[in-house]
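Reading the structure
Next come the chains, spelled out residue by residue.
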Amino acid sequence: MGMYLNLSIKEVIQKFPQIEKILNEYEIACGTCTMGLCLLKDILEIHKLPPAESKILMERIGRVITKGPEENLEEKKILSRPRPNVCSPAMKILVAEHNWIKKWLALIPEVITYITLNPPEKRDLILAGVDFIRNYADKFHHAKEEEILFKYFSPELEILKVMKEDHTTARILRQAILDSLDQDDEHGLSTNLQAYQQLLSQHIKKEDEVLFPWLEKQLSPGQLSDLFSKFQEVELPADFHPQDYENFIQNLEEKLKGLGLMANTLKAR
Ligand SMILES: [Fe+2]
Ligand SMILES: [Fe+2]
């Protein structure tokens, strides 16, 4: 068992596919992670479970690895447990920004329908969406994570590498959205928008529910207050106003809602 703790989760799951199923029962969705580079021991540490659950999880993983009988364990079903929340003002800033990004992500299916029905408006709407992605989601939000928050930790931490890799993939998809718009490639545009939506939705879920609560616990009260100050002191370009982007999302939501295109989104929430 010891040697497997230092293997990446992808390698562990490749060797023992049953472990992915067990982790899923504990709402640890590492099997679907974009990279799977995190070590098994780090995953168990980051997804801090209550001691009793953690002990049973370790026993179950150990039994799969040593090919012991899984059924003998008393525990079978895990009751859904409340997701950890962040409580420091610094982390709350990031979560609040996520909420605006999530609103945009939730609108993407309706945006795709809207531009199909209103081709003359396609270019302006997609360019506005890409502007939100570039300036709000990336330069304003991801930059805070990469250039401030992550700097408090070792760059060798696998979970941070995974998060940065997601940011890089998001930038590649942003360019792909623009390229398909320029080439008037309807199918490519819709595929790239959906890929962006899927990537960022999963990324934000990982940050909100796992990474941020865990990072927050690693920082001292002094560091958290320092982090908050640094977030507040970020120098923004003179022509950048976060409120403009939040208004853009708010107005788009109202517009699509008014057209009855929001039904699917609202049902999914
Ligand atoms: Fe991120
Ligand atoms: Fe984020």
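In what follows, the accompanying structure is described. (Residues numbered from 1 in each chain as written. Chains lettered and ligands numbered in written order. Predicted model: local features only at pLDDT ≥ 70, side-chain atom pairs only at ≥ 80, totals over all residues. Heavy atoms only, no water.)

**Some words on the overall build of the protein**
So the rule is basically this: A run of H or I in DSSP counts as a helix once it spans at least four residues, and a run of E counts as a strand once it spans at least two, with each numbered from the N terminus. Each residue is placed in one exposure class: buried if its accessible area under a 1.4 Å probe, protein chains only, is under 20% of its type's maximum, exposed if it is over 50%, and partly exposed if it falls in between. Contact criterion: two residues are considered in contact whenever any of their non-hydrogen atoms come within 4.5 Å of each other.
When you go through the protein residue by residue, the secondary structure sums to 12 helices and zero strands. Order of helices (α) and strands (β) in the protein, N terminus to C terminus: α-α-α-α-α-α-α-α-α-α-α-α. Classification of the 269 residues of the protein by burial places 46% in the buried group. In the protein, of all internal contacts separated by at least 6 residues, the share reaching a separation of at least 24 is 78%.

**Quick notes on the pattern of salt bridges**
When the charged atoms of two side chains with opposite charge come close together, those side chains can pair. Rules: A pairing counts as a salt bridge when a side-chain nitrogen of Lys or Arg comes within 4 Å of a carboxyl oxygen of Asp or Glu.
With the rule as written, the count across this model stands at 15 salt bridges. Residue K122 pairs with D184 through a salt bridge whose shortest N-O separation is 2.8 Å. With a gap of 62 residues between them, K122 in helix α7 (residues 122–147) and D184 in the loop between α8 (158–182) and α9 (186–218) connect regions that are remote in the sequence. By relative accessible area, which is 52% here, D184 ends up exposed.

**A few points about the packing of α8 against α9**
The line we're drawing: To get an axis, a line is fitted to the C-alpha atoms, and for a helix only the part in contact is used. The angle between two axes follows their N-to-C directions and goes from 0 to 180 degrees. What sets the label is the angle itself: under 35 degrees gives roughly parallel, over 145 gives roughly antiparallel, 65 to 115 gives roughly perpendicular, and the rest give oblique. Note on convention: near helix rotated counterclockwise from far helix by under a right angle means a left-handed crossing. Clockwise means right-handed. As a working rule, the residues Ala, Val, Leu, Ile, Met, Phe, Trp, Tyr, Cys and Pro are called nonpolar, Asp, Glu, Lys and Arg charged, and the rest polar, with Gly in that last group.
Across the interface, α8 lies against α9 with an axial gap of 9 Å and an inter-helix angle of 160°. In this view, α8 runs roughly antiparallel relative to α9, as classed from their interaxial angle. Regarding α8 and α9, the two cross each other, and that crossing is left-handed. Among the residues making up the contact of α8 with α9, the classes are represented as 18 nonpolar, six polar and three charged.

**Structural notes on the packing of aromatic side chains**
To be explicit about the condition: Any Phe, Tyr or Trp ring, taking Trp's six-membered ring, that has another such ring centre within 6.5 Å forms a pair; planes under 30 degrees apart are called stacked, those over 60 apart edge-to-face, and the others tilted. By the criterion adopted, a ring carries a charge over it if an Arg CZ or a Lys NZ lies within 6 Å of its centre and within 35 degrees of its normal.
Counted according to the given criterion, the structure contains nine aromatic pairs. Here F140 and F240 contribute two aromatic rings whose centre-to-centre distance is 5.1 Å and whose plane-to-plane angle is 45°, an arrangement assigned as tilted. Of this pair, F140 sits in helix α7 while F240 is found in the loop between α10 (221–233) and α11 (242–258), placing the two residues 100 residues apart along the sequence. Relative accessible area serves as the criterion here: at 11%, F140 is assigned to the buried category. With centroids separated by 5.3 Å and ring planes inclined at 25°, the aromatic side chains of F240 and Y245 adopt a geometry described as stacked. What makes F240 buried here is its relative accessible area of 9%. Three or more aromatic residues link up through ring pairs in this structure, and these residues are W104, F132, Y136, F140, F240, Y245 and F248. Lying over the aromatic face of F140, K144 brings its terminal NZ or CZ to 3.6 Å of the ring centre.

**So, the environment of S180**
Assignment of secondary structure puts S180 in helix α8. Distance from S180 to N192, taken between C-alpha atoms, is 8.2 Å for residues 12 residues apart in sequence.

**Quick notes on the coordination of the iron ion (ligand 2)**
By definition of the ideal shapes, a tetrahedral metal site with four donors has angles of 109.5 degrees and an octahedral site with six donors has angles of 90 or 180 degrees. Rule in force here: Ligating atoms shown are N, O and S within 2.8 Å of the metal, or 3.2 Å for Na, K and Ca, and water is not included, meaning a site may look less than complete. Between 85 and 135 degrees for all angles marks four donors as tetrahedral; over 155 degrees for opposite donors together with 65 to 115 for all other angles marks four donors as square planar and six as octahedral; every other arrangement is irregular.
Surrounding the iron ion (ligand 2) are the protein donor atoms H98 (NE2), H141 (NE2), E145 (OE) and E207 (OE), at 1.9 to 2.2 Å. Classification of the site at the iron ion (ligand 2) rests on its four donor atoms, whose angles at the metal span 80 to 165°, yielding the label irregular. In primary sequence terms, the donor set of the iron ion (ligand 2) follows H-x42-H-x3-E-x61-E.

**Considering the coordination of the iron ion (ligand 1)**
Around the iron ion (ligand 1), the protein contributes the donor atoms E145 (OE), H167 (NE2), H203 (NE2) and E207 (OE), at 2.0 to 2.2 Å from the metal centre. Between the two metal centres, the iron ion (ligand 1) and the iron ion (ligand 2), the spacing is 3.2 Å, with E145 acting as a shared donor. Of this pair, E145 sits in helix α7 while H203 sits in helix α9, and the two are 58 residues apart along the sequence. Neither E145 nor H203 differs from the other in exposure class; each is buried.

**A short note on the nonpolar core**
Selection criterion: Definition of nonpolar core: a set of buried residues of the types Ala, Val, Leu, Ile, Met, Phe, Trp, Tyr and Cys, connected through side-chain atoms within 4.5 Å. What marks off one domain from the next here is an automatic or database domain assignment.
Within the largest apolar cluster, 44 residues are counted, with the highest numbers of intra-cluster contacts made by L57, L149, L211 and L215. Those elements giving two or more residues to this core turn out to be α2 (9–15), α3 (18–25), α4 (40–46), α5 (51–65), α6 (89–117), α8, α9 and α10. Sorting elements by how many residues they give to this core places α9 first, with five residues. In this structure, this core is formed jointly by two domains, domain 1 (2–72) and domain 2 (89–268), each of which donates at least three residues. Counting 36 residues, the second largest nonpolar core, distinct from the first, contains V130, A137, L193 and Y245.

**What to know about empty space enclosed by the protein**
Applicable threshold: Only protein atoms enter the 1 Å grid used here. Points where a 1.4 Å probe fits but cannot escape make up a cavity, open sets with protein on both sides within 12 Å along at least five of seven lines make up a pocket, and a residue lines them when an atom lies within 4 Å of a point. Grid points are joined across faces, edges and corners, and a volume is the space filled by probe spheres set on the points.
All told, the structure shown has one cavity of 30 Å³ or more when counted by the stated rule. Each pocket or cavity is described by its volume, and for the largest cavity that value is around 40 Å³. Contributing to the lining of the largest cavity are I133, D138, H142, H167, A170, R171, R174 and Y196. Ranked by residue count, the leading element in the lining of the largest cavity is α8, at four residues.

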